[in-house]
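Overview (structure and organization)
Here's the letter readout for the chains.
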Amino acid sequence: MMIPEKMFQQILALGEAWRVAAVEYVEKESQVVIRVEETPQVWAGQRCPHCSSGAVGGYDHAPERRWRHLNVCQLTTEIACALPRGQCRECRKVFTVRAPWEGRGKHFTQEYEAFALLLMREMPVAKAGEILGETDQRLWRVLFAHVQAARAELTWANVVWVGADEMNRRKGHNYLTVFVDLDAKRVLLAVEGKDASVWERLAEELGRHNGHPKAITQVAIDMSPAYVKGVRENLGNAAIVFDKFHVLSHGVSAVDEVRRAEARGDAAARAQLEKTHWLWRKNPERWTPREGQRWESLREQPLVTGLAYAMRLGLQNVYRCGTVAQARRKFADWCAWVRASAVDAAASLLAPMVKVADMVERHLEGILGHWQDGLTTAFLEGLNSLFSATKRKARGYRCSEYQIAMLYFVAGKLNIPCY
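Bear in mind the structure is a predicted one, so any value in this text is a computation, not a measurement.

Per the stated rule, a full pass over the model turns up 23 salt bridges. Here E64 makes a salt bridge to R66, at a shortest N to O gap of 3.8 Å. In this structure, the salt-bridge partner of E102 is K106, at a minimum N-O distance of 3.7 Å. For K106, a relative accessible area of 45% translates into the label partly exposed.

On to the packing of aromatic side chains. Each aromatic ring pair is characterised by the separation of its centres together with the angle its planes make. Using the criterion set out here, one finds 16 aromatic pairs in the structure. Taking 5.3 Å as the distance between ring centres and 15° as the angle between the ring planes, the aromatic pair formed by Y319 and W371 counts as stacked. In this pair, Y319 is assigned in the loop between α11 (304–318) and α12 (324–341) and W371 in the loop between α14 (364–368) and α15 (378–381), connecting sequence segments 52 residues apart. Through a chain of ring-to-ring contacts, three or more aromatic side chains come together here, namely W280, W287, W295 and Y309. The cationic tip of R121 hangs over the ring face of F409; the distance from NZ or CZ to the ring centre is 4.3 Å. Directly above the aromatic system of Y408 lies the positively charged group of R151, at a separation of 3.8 Å from the ring centroid.

Turning our attention to the confidence of the model for the protein chain. Per-residue pLDDT for the protein chain has a mean of 90; in total, 96% of the residues score no lower than 70. Confidence, expressed as mean pLDDT per element, reaches its minimum in the protein chain at α15 with 73 and its maximum at helix α5 (residues 198–208) with 96.

Criteria and cut-off values
Residues numbered from 1 in each chain as written. Predicted model: local features only at pLDDT ≥ 70, side-chain atom pairs only at ≥ 80, totals over all residues. Heavy atoms only, no water. Salt bridge = Lys/Arg side-chain N within 4 Å of Asp/Glu carboxyl O. Buried < 20%, exposed > 50% of the residue type's maximum accessible area, 1.4 Å probe, protein only. Phe/Tyr/Trp six-rings, centres within 6.5 Å; stacked < 30°, edge-to-face > 60°. Helix = DSSP H or I, 4+ residues; strand = E, 2+ residues; numbered from the N terminus. Lys NZ or Arg CZ within 6 Å of the ring centre and 35° of its normal. pLDDT = per-residue confidence, 0-100.

Here it is in structure tokens:
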């Protein structure tokens, strides 16, 4: 029969340098305590952390410490050990031997941290704390430590396509700029603010991670003048691409402006447009059966909003073109259609769509960058759902550091747990 100490010796994979001296069940606290001691072999592989000398030996023991471990039979389990302290025979300095089971959070074992990180990836940290019976602040310290260690090992040597988008942290003008690797589909960096200076931070971080600002060949952004300025000043070789998602979002917003203006100006139109907000924001294939029926009742009505919606779908259809030349021609045709439609009595109502046409003509070369060989901005288009998930997991913490750490954790493709 295997005694508990021998069983836990094998489960914990302590090797020859450590041994399980006792396993205690504390009935009053529903707790299992695994007491571990060092063996003489612990000094065989030790080196002085101060001078790297291998001439070290035992000195004394530090006070007993405890580390939370994975539960045993649903009982809270801890490892208890008075860690040995060694002394270097050359520099004479004293040091504490690091426990091989210790995680980065100092209060937990590596196995426990791995389980905690698994929960934090799937739910808010506060909820993970409830399940584990630990404070969320302790769990955040674990998360911060692993993210920091994993990011220190990152290499950006192959980063050539970069995308950037802004993340609204909370109500008001509190923004993060999030930079992503469009090829590897991972978050590279998140920085407070959305002015041109955030691109300086990206250039600095590229240097720290074996990348180079001049290696960036294409950058996908929205049409923010600050972003354009930042790219040109810090990423000299990068071609600017105005990504599809932001171009089309201008069209969606313009249709909504037309709808509201038309509803304000005409009582009959207001009655017809009532409760159609989401109808005009969706593509026809995403309408619910009820929305489809509503559209059938409106399609024969002389609504300017319906014309604006057709224009929005026409703008979207341009992105089905296979070449730059085709897209250039289609964009020109679309802008001409919008302007021609706006010369009649509905000109004032279609003014938002004319503004979109102006925007397309003004930024056409950057918009056509969408057709560059190989470049895809699909990852950028999914960032909004990623931002929402990140804010949910960091719920209750207003400091940007928490949301940034969670962004790196869930979308940075980091090697976590990192030991």
